[in-house]
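A closer look at the structure
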Amino acid sequence: MKKTILITGGAGFIGSHVVRRFVNNYPGYLVVNADKLTYAGNLENLTDIDTKKNYLFEKIDIVDKQSVLDLFKKYSFDGIIHLAAESHVDRSITGPDEFVFTNIVGTVNLLNAALNSWKNAPEGKLFYHISTDEVYGSLGKEGLFTEQTAYDPKSPYSASKASSDHMVRAYNHTFGIPVVISNCSNNYGPNQFPEKLIPLAINNIKNNKPIPVYGKGENIRDWLYVEDHASAIDLIFHHGKVGETYNIGGNNEWKNIDLILLLCRIMDKKINQSAGTSEKLITYVKDRPGHDLRYAIDSSKLQKELGWSPIPEFADGLEKTVEWYLTNLKWLERVLSGDYGKYYDFMYSGK
Ligand code: NAD
Ligand code: TYD
């Protein structure tokens, strides 16, 4: 194998698309997927590639320093793509501690292990940290987040991601670890855990349950199809400049309520209901505390410097996503049992 690449969080939503892409497109790389398999990590996401010769799975908790050091003793990594994280804003409000442990301490454990393993020969190595646009805070009606926008995180999730971004830059500046960071907008697509807006709404419509819309549904997100994020990660990993930050976004802003209305129309068609049936399930619920109003990304640097652009139109991407969930009801059933069921009841009962 030409290179050994560590992908953390590879059993999660975005991570599984990145692992699949790297395993299929780079047969010369050994791809090591290291994941704790929390409620959000699901090896079923990777059954199509998990017997390939260039793929290995390691179950580890990145918060456990010794396990991380052992992993770096077992393999000599040329590159790291770090996606493992606690990723849901609502969970960071009900239980912030796990976000501090995984997102901050876990990232520092990986940085220390990389520093230790690369200290004599960092050339050609890369620590690629996957971050979010939420570190920039919340926009008003105008403007876009650029790579120069000052950090202003507002939720425990975004504060923990911002903190990890700062540590990654500090390790580059102080110790010379080669790093690159990307900050991406909201992703959607197959394999997303059904606690996030789009898969949650698809599942509720399918089961004739209320679609909970926070506040007035006026918050705006910039949606990107998950495979477009994976293609950006591939480009940045191979051609990004060390020390740089790249914003990734879909140029695709939607008010939550407009998105839900579009999704309702798609669902009515896909499950052969008369137009307007799904819409009746829309239920306005108590707003998320500190709910960021608007995120929108300027990804022109990535587009100009590395030639990236997103592919599907939103309606097409959404339709593909709906089709995936409807043909993978077993996947949904399994992730909806157990832990997620309890969490779901806690979040949505009494609203
Ligand atoms: P996810 O919650 O679906 O998956 C996270 C993965 O990390 C899971 O497989 C989980 O088991 C693993 N993990 C969690 N804690 C761990 C630990 N302590 N040790 C090892 N593994 C652990 O998340 P996602 O939506 O795929 O997001 C992946 C990354 O992308 C995150 O860093 C997130 O901040 C970032 N991001 C996500 C979005 C989005 O819209 N989902 C947008 C921009 C950036
Ligand atoms: P989410 O998918 O949790 O992503 P993020 O909070 O990281 O942007 O939420 C997307 C938007 O949808 C956000 O404005 C919160 C809103 N939302 C709802 O209105 N209802 C829901 O049940 C959920 C999960 C989110």
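The structure reproduced in this document is the subject of the present report. Only a predicted model underlies this, so the values are computations on that prediction, with no experimental measurement involved.

About the thresholds
- Residues numbered from 1 in each chain as written.
- Chains lettered and ligands numbered in written order.
- Predicted model: local features only at pLDDT ≥ 70, side-chain atom pairs only at ≥ 80, totals over all residues.
- Heavy atoms only, no water.
- Pairing = 2+ DSSP bridges.
- Helix = DSSP H or I, 4+ residues; strand = E, 2+ residues; numbered from the N terminus.
- Axes fitted to C-alpha atoms, helices over the stretch in contact; angles between N-to-C directions.
- Contact = heavy atoms within 4.5 Å.
- Near = heavy atom within 4 Å.
- Polar contact = N/O pair within 3.5 Å; in protein donor to acceptor, adjacent residues only side chain to side chain.
- Areas by Shrake-Rupley, 256 points an atom, 1.4 Å probe, with all protein chains shown as cover.
- Nonpolar A, V, L, I, M, F, W, Y, C, P; charged D, E, K, R; others polar.

This part takes up the sheet that holds strand 6 (residues 179-184). Taken in spatial order, the seven strands line up as 3-2-1-4-5-6-11 in an open sheet, and their pairing is parallel. The open sheet terminates on both sides in strands that have one partner only, identified here as strand 3 (55-59) and strand 11 (245-248). Sheet twist, expressed as the mean angle between neighbouring strand axes with direction ignored, is 20°. On the sheet, helix 5 (residues 156-175) packs against strand 5 (126-132), strand 6 and strand 11 and is oriented at approximately 155° with respect to strand 5. Strands in contact with helix 7 (residues 226-239) are strand 1 (3-8), strand 2 (29-35), strand 4 (79-82), strand 5, strand 6 and strand 11; relative to strand 5, the strand with the most contacts, it is inclined by about 150°.

Looking at ligand 2, there are 18 residues lining it, with Glu 134, Pro 212, Arg 221, Arg 288 and His 291 nearest. One of the side-chain nitrogen or oxygen atoms of Asn 186 is found 2.9 Å away from an oxygen atom of ligand 2. In the model, an oxygen atom of ligand 2 is placed 2.9 Å from a nitrogen or oxygen of the Leu 197 main chain. Across the complex, the protein chains shield 97% of the 510 Å² of accessible surface that ligand 2 would expose by itself. Within the residue set of the shell around ligand 2, elements represented by two or more residues are helix 6 (197-206) and strand 8 (211-214). Looking at the shell around ligand 2, the element that brings in the most residues is strand 8, giving three residues. When its residues are assigned to classes, the shell around ligand 2 shows eight nonpolar, five polar and five charged.

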